Amino acid sequence: MRRALLAATALLSLATTGQTALAASDTPEAPYVDDRSSADAVVRSLYSAINRHEFARAWSYYGDTKPAKDFDTFVKGYDGTDRVEVRTGPISDEGAAGSIYYNVPVAIQATDKKGEAKVFAGCYTLRQVNAQIQAPPFQPIFIDKGALKPSTADLDEALPPSCGDGPPPPKKDTALEQAKKAFLATYGDQCDKDLLANEPEVFSIKYKDKNAQPGDPDKETRLFHFSCSAAAYNESSVYYMTDEVDGVRQLQFAEPQTDIRYENNDSEGKLLSVTVIGFQTTGWAVNSDYDQDAHTITTFNKWRGVGDASDAGTYLFRNGDFSLVQYDVDASYDGEENPQTIVDYNTAP
């Protein structure tokens, strides 16, 4: 059996001399995770236990080789730690004499009680002994060894791309990650949690620049569609774009401002006129869809559930950006869908 001393120096350096462990009443709320079904799940469970100050549980994820000389020393190592975030990367594995060894890239960000954060990164090796050859008590997957060292990178960038002899991970989609970060930073507290968990739709738009010369290669713009919130009959989304010139940016949609007149000022009565009095922009797209063949984003905003009153926009991609080409408004609450076009750049004057 391979045994190696777990390098605990990085984690134990988080301790603050003279401070005492948090009392149970001071323990911050953190999810309870105790999952030993995979190597990365064990690592996440370890830090779940640490965040909840359940140190006996944390100690149990290690095999015979422990991270400190005894349990009391292990607990004292976290006296100054308030919380720990963890990231895991692509796992490689190898078999040996009735066991499977898993190499897990790990990065953590440990925040102390003063709010100061430090990042550590490295590799953990976990062992799974063949369950058919074990005698009681059963030993699930456990941490066999590991080493985390201080890193000056941020948490995501510090994560090692691979550990052991496993295949290299797929190339990181930097633009997608930037779009995700921008979306979460701006709208993370506004969107529905279940929609926040979804991956965005990603589209690639190839086109010729208007000033392109014969033989010049196509340019590419990538479009990222994030669903944000869903009400009874309208779903709101946000789009980000990226290209080699502007980088990642949020797409803004031009919309006409209107003056709508009804007979006797009664919106349920006869519609007299809809007049465009200006334009504004918004980052929201309601009930939107991107047509890859037409290179258009369409929106359809219902003013009420039956959809007899609404506004709808069509935005055409041309020369690297989306432009408003048509806008329809159905301002009559008459039980029928009868929109009128108030902006039309599809038709020549």
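For the structure itself, look to the data block above.
How each quantity is defined
- Residues numbered from 1 in each chain as written.
- Predicted model: local features only at pLDDT ≥ 70, side-chain atom pairs only at ≥ 80, totals over all residues.
- Heavy atoms only, no water.
- Helix = DSSP H or I, 4+ residues; strand = E, 2+ residues; numbered from the N terminus.
- Buried < 20%, exposed > 50% of the residue type's maximum accessible area, 1.4 Å probe, protein only.
- Contact = heavy atoms within 4.5 Å.
- Areas by Shrake-Rupley, 256 points an atom, 1.4 Å probe, with all protein chains shown as cover.
- Pairing = 2+ DSSP bridges.
- Axes fitted to C-alpha atoms, helices over the stretch in contact; angles between N-to-C directions.
- Expected span 1.5 Å × (residues − 1).
- Arc of directions from axis to C-beta.
- Disulfide = S-S within 2.5 Å.

Visitor: What exactly am I supposed to notice about the overall build of the protein here?
Guide: From N to C terminus, the protein includes seven helices and 17 strands. Looking at the protein as a whole, 40% of its 349 residues are labelled buried. Within the protein, contacts between residues at least 6 apart in sequence are counted, and of these 53% link residues at least 24 apart. Looking at the protein as shown, the accessible area adds up to about 19,100 Å², and 48% of this sits on carbon and sulfur atoms.

Visitor: Even after reading the chapter, I still don't get the pairing of strand β14 (residues 296-302), so can you show me in this structure?
Guide: Within a regular beta strand, the side chains point alternately toward one face of the sheet and then the other, so they alternate between its two faces. Sheet topology note: the strand β13 (residues 289-291)/β14 ladder contains three bridges and is antiparallel. Within the sheet, the bridge partner assigned to D291 lies in β14 and is T296. Here β13 hands over to β14 after four residues, with H295 in that stretch at a positive phi of 55°. Looking at chain direction, β14 and strand β15 (residues 310-318) are connected through seven bridges and run antiparallel. What sits directly across from K302, in β15, is S310.

Visitor: Would you explain the sheet that holds β13 in this entry?
Guide: Two strands in a sheet stick together by hydrogen bonds in their backbones, pointing the same way (parallel) or opposite ways (antiparallel). Here we have five strands laid out as an open sheet, ordered β13-β14-β15-β16-β17, and antiparallel in their pairing. Each edge of the sheet is formed by a strand with only one pairing partner; in this case those strands are β13 and β17 (340-344). Averaged over all neighbouring strand pairs, the angle between strand axes comes to 20°, with direction disregarded. Direction of pairing for β15 relative to strand β16 (residues 321-330): antiparallel, over a ladder of nine bridges. Across the sheet, the residue bridging to F317 is F322, located in β16.

Visitor: What's the story with helix α6 (residues 174-187) in this structure? I'm lost.
Guide: In an α-helix, one full turn covers 3.6 residues, which means residues spaced three or four apart are oriented alike. The first and last C-alpha atoms of α6 sit 20 Å apart over 14 residues, in line with the 20 Å expected at 1.5 Å per residue. Every buried residue of α6 is accounted for by A175, L176, A179, K180, F183 and Y187. The buried residues of α6 occupy one face: seen down the axis, they fall within an arc of 135°. Looking at the packing, one finds that the buried side of α6 touches α7 (193-196), β6 (201-207), β7 (219-230), β8 (235-243) and β9 (247-250).

Visitor: Is there a simple way to think about the state of the cysteines in this case?
Guide: By definition, a disulfide links the sulfur atoms of two cysteine residues through a covalent bond. All told, the structure shown has two disulfides when counted by the stated rule. The disulfide bridge from C123 ends at C163, spanning 1.9 Å between sulfur atoms. Since a negative S-S torsion denotes a left-handed disulfide, the C123-C163 link at about -80° is left-handed. One end of the pair, C123, is in strand β4 (residues 117-129); the other, C163, is in the loop between α5 (155-158) and α6, with 40 residues separating them in the sequence. Overall, the relative accessible area of 4% leaves C163 in the buried class. Here C191 connects covalently by a disulfide to C228, the sulfurs 1.9 Å from one another. Where C191 bonds to C228 through sulfur, the torsion about that S-S bond is close to -95°, and the disulfide is left-handed. With C191 in the loop between α6 and α7 and C228 in strand β7, this residue pair connects regions lying 37 residues apart in the sequence. Grouping residues by exposure puts C191 and C228 together as buried. Cysteine pairing for the protein, with bonded cysteines counted in sequence order: 1-2, 3-4.

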